[in-house]
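# Inside the fold
Each chain, written out:
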Amino acid sequence: MRFVSSFLRLSAAAAGGALLLGCSANGTANANADPKATAVADRVMTAMGGADAWKNTRFLAWDFFGGQYQIWDKQTGDFHWEKDTLVANYNLNTKQGHVYSRGRDISASPAGQQVLETLTPTWINNSYWLVMPFKLNDPGVNLTYKGEGKTMDGAPADVLGMTFNKVGVTPDNRYEVLVNRATGLVDEWAYFPKATDAQPAFRRHWNEYARHGQLLLASGRSEADKPAQLDHIAAAQTVPEGVMTSQMPVTKIQ
């Protein structure tokens, strides 16, 4: 089935990039972080709306690269996901759900089962690209202050190092996160497939911030010479009735 194989190739590409990092549903303080790193992470949280705003925001929706659209209910763990003719309604806590193609339930088929198996890592990956700054102090994140540096654009920044302690799908990854010293916002991140790698696999901007509900979220994810962004970002307390169980693609929420 072409639509399924296309999605699985996309998921494999993401996994091959080792971007499938775990993020818990609600950020909490991490005892493994050093005090200066924690202070910078707390400043980021405040700049993006604050811990209460993050905790109280129920629904997040966004388009991920490659045409995936998803809506995440942070309260219940429900996850509505769309890609081309595929639609999935899934619960991240129970790991149960249904997959539809053009409105027809294909959940019991081998292709449908394959899609269901990818949905937790898909959520981990896609949500991390949206909300990573809120996850800096999560349990299992080893956060360290690496000193002062400069972003690709030359802005003074505090540099945070992130490694992971047995969390996520690929815990051997490492990140550098550059926090603008003037604004307290994440301006840039660099990704290392292995914590021991000397050079990152990529370095991307984290910019184009806009207010969504109570949160300040960034859509820009460009590399130095390659524009990229997340589209149709929304944060809401409610969504239209039936959206999270729809068997067909839905109107993107505002």
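Right, let's walk through the structure included here.

This part covers the sheet that holds strand β1 (residues 59–64). The strand order across the open sheet built from seven strands is β6-β5-β4-β3-β2-β1-β14, with neighbouring strands paired in antiparallel fashion. The outermost strands of the open sheet, each flanked by one partner alone, are β6 (104–105) and β14 (231–236). Here strand β4 (residues 86–91) runs beside strand β5 (residues 96–101); their pairing, made up of six bridges, is antiparallel. Looking at the pairing, N89 lines up with H98 of β5. Helix-sheet contacts for helix α4 (residues 110–131) involve β1, β2 (68–73), β3 (78–83), β4, β5 and β14, and the interaxial angle to β1 is about 100°.

Let us look at the pattern of salt bridges. Following the criterion strictly, the structure yields eight salt bridges and no others. K135 is the salt-bridge partner of D138, the closest N and O atoms lying 3.3 Å from each other. Just as D138 is buried, K135 falls in that class too. E176 is paired through a salt bridge with R203; the nearest N and O atoms lie 3.5 Å apart. Residue E176 is located in strand β9 (residues 174–180), and its partner R203 is located in strand β11 (residues 202–205); the two are separated by 27 residues in the primary sequence. The exposure class assigned to E176 is buried, which follows from its relative accessible area of 18%. One salt-bridge network, in which partners are shared between bridges, spans R174, E176, E188 and R203.

The element β3 is extensively covered by neighbouring structure, given that five of its six residues are classed as buried. Here β2 pairs with β3 via four bridges, running antiparallel. Note that in β3 the partner of I71 across the bridge is H80. The turn linking β2 back onto β3 is made up of four residues, and G77 within it adopts a positive phi angle of 85°. The pairing of β3 with β4 spans six bridges and is antiparallel. In the strand pairing of β4, W81 is matched with A88. Remark: two residues form the turn of the hairpin made by β3 and β4, two consecutive strands paired antiparallel; D84 in that turn has positive phi of roughly 55°.

Conventions we followed
- Residues numbered from 1 in each chain as written.
- Predicted model: local features only at pLDDT ≥ 70, side-chain atom pairs only at ≥ 80, totals over all residues.
- Heavy atoms only, no water.
- Pairing = 2+ DSSP bridges.
- Helix = DSSP H or I, 4+ residues; strand = E, 2+ residues; numbered from the N terminus.
- Contact = heavy atoms within 4.5 Å.
- Axes fitted to C-alpha atoms, helices over the stretch in contact; angles between N-to-C directions.
- Salt bridge = Lys/Arg side-chain N within 4 Å of Asp/Glu carboxyl O.
- Buried < 20%, exposed > 50% of the residue type's maximum accessible area, 1.4 Å probe, protein only.

Scope: geometric values only; no functional claims are made or implied.
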